[in-house]
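Analysis of the macromolecular model
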Amino acid sequence: MNRGLTWAADTAGIVFDIQHFSLHDGPGVRSTVFFKGCPLSCRWCGNPESQGTRAQLMYFQHLCAACGNCVSACARHALFLEKDGLHIDRDACVACGKCVPYCQRGARAISGHGMSVHEISAEVRQHWRIFQQSGGGVTVSGGEPLAQKDFLYALLQELHDEAGLHTCLDTCAKAPWPVLERMLPHLDLVLLDIKHIDDATHRQWTGAGNADILLNARKLVESPVEMLVRLPLIPNFNDTDDSLIAFGNFLRETGFRNIEIMPYHTLGLSKYRALGKAYTLPPKAEPRLSAAIDVLNDYGLDVTVHRH
Ligand code: SF4
Ligand code: SF4
């Protein structure tokens, strides 16, 4: 479609990935747009590059041959080649990306780049035939998309109202209700991540309380938009009987009927290393999946399990 750019199409934000042919974040075949920035810092986060609001350098040490080609590219003197390999002064690095093309081994990448609504729309519209044939569309995920609220609003307007695509928001709902409410007319589905019912435990494992999240959940269930609650099932955090019972009680009392369990995984472990961040949970732990299914079924919830 040829048309002039609106203010909305010019609106820009920071995105760290767009994945096409996604099958797990809403109905049909989807394109998933990942926004950068999140008000939570969940200890199990599978996308640690999503948490910060700015671009970040990722360095995949296992691919590095310690050739030193990238060192001279850095005007900030953030790179040092020593006997034990390459070192990065992350305080000096401004994620400019100038060193990336100097690496022939793909050991360096920048996570996060600016994109306009128009650019994202043009990219995902290339898949509209697949969306139509499969009943799919576009999912906005993150990070937390609501953290870039004006960018999200403009993007949903464009994709839902202008392009006529099915839109889905994958959110932890950590935002003031009016921010979330403003998005609803431009959404077909909300995937609502609720991680724990107890405020203190939520704060301890995610860095923030959940009072606003639970309040938003109560309001969302009254909205006409289709809703699916998702529970990231994390060992020793929310897979205990007490946690699951509290969860079942809250969902039944609030009026939710469907829940998708997302079992703990460590697929993002290499990204922690690439960002120079510590990972503080045991990599080999297994959540109590069948116990969780049994408890939530007892509360009359229709339970599905997310497969990675
Ligand atoms: S991203 Fe820029 S500042 Fe960071 S190491 Fe590379 S060249 Fe230096
Ligand atoms: S250019 Fe690539 S392989 Fe060479 S030292 Fe830098 S990161 Fe390592």
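For the structure, see preceding data.
Residues numbered from 1 in each chain as written. Chains lettered and ligands numbered in written order. Predicted model: local features only at pLDDT ≥ 70, side-chain atom pairs only at ≥ 80, totals over all residues. Heavy atoms only, no water.

1. Regarding the overall build of the protein
Using the following cut-off: Labels follow the DSSP assignment, with helices taken as runs of H or I lasting at least four residues and strands as runs of E lasting at least two, numbered in each case from the N terminus. Exposure categories follow from relative accessible area, calculated using a 1.4 Å probe and restricted to protein chains: below 20% of the type maximum is buried, above 50% is exposed, and the middle band is partly exposed. Surface accessibility follows the Shrake-Rupley procedure with a 1.4 Å probe radius. Residue values consider only the protein chains on display as shielding. In this tally Asp and Glu are treated as negative and Lys and Arg as positive; neither His nor the chain ends contributes. Working definition for charges: the position is that of NZ of Lys, CZ of Arg, CG of Asp or CD of Glu.
The number of helices and strands found in the protein is 10 helices and 13 strands. Projected onto the principal axes, the alpha-carbon positions of the protein cover approximately 60 × 50 × 35 Å. When the 308 residues of the protein are sorted by exposure, 50% land in the buried category. Carbon together with sulfur atoms contributes 50% to the accessible area of the protein, which is approximately 14600 Å² in total. Charge centroids of the protein, computed over 29 positive and 33 negative side chains, lie 6 Å from each other.

2. Section: the site of ligand 2
Convention followed: Consider each residue's heavy atoms; a residue with any of them within 4 Å of a molecule or strand counts as near. Only Asp, Glu, Lys and Arg are considered charged, only Ala, Val, Leu, Ile, Met, Phe, Trp, Tyr, Cys and Pro nonpolar, and every remaining residue, Gly among them, polar.
Taken together, the neighbourhood of ligand 2 is formed by 14 residues, with Cys 64, Cys 67, Gly 68, Cys 70 and Cys 103 sitting nearest. Among the residues forming the shell around ligand 2, the class breakdown is 10 nonpolar, 2 polar and 2 charged.

3. Concerning the packing of aromatic side chains
For clarity, the threshold we go by: A pair of Phe, Tyr and Trp rings is counted when the ring centres sit within 6.5 Å of each other, with Trp represented by its six-membered ring. The angle between the planes then sorts it: under 30 degrees is stacked, over 60 is edge-to-face, the rest tilted.
For the coordinates displayed, the defined rule picks out 5 aromatic pairs. Look at Phe 35 and Phe 151: their rings are 4.7 Å apart centre to centre, the planes differ by 20°, and that puts the pair in the stacked class. Residue Phe 35 is located in strand 2 (residues 30-35), and its partner Phe 151 is located in helix 4 (residues 149-162); the two are separated by 116 residues in the primary sequence. Comparing Phe 35 with Phe 151 shows no difference in burial state: the two are buried. Arranged with centres 5.0 Å apart and planes meeting at 35°, the rings of Trp 44 and Phe 237 form a pair that is tilted. Remark: Phe 237 occurs in the loop between strand 11 (226-233) and helix 8 (241-254) and Trp 44 occurs in the loop between strand 2 and strand 3 (56-59); sequence separation between them is 193 residues. On the basis of relative accessible area, Trp 44 is assigned to the buried category, the value being 9%. You can call Phe 237 buried: its relative accessible area is 2%. By way of ring pairs, the aromatic residues Trp 44, Trp 205 and Phe 237 are connected into one cluster.

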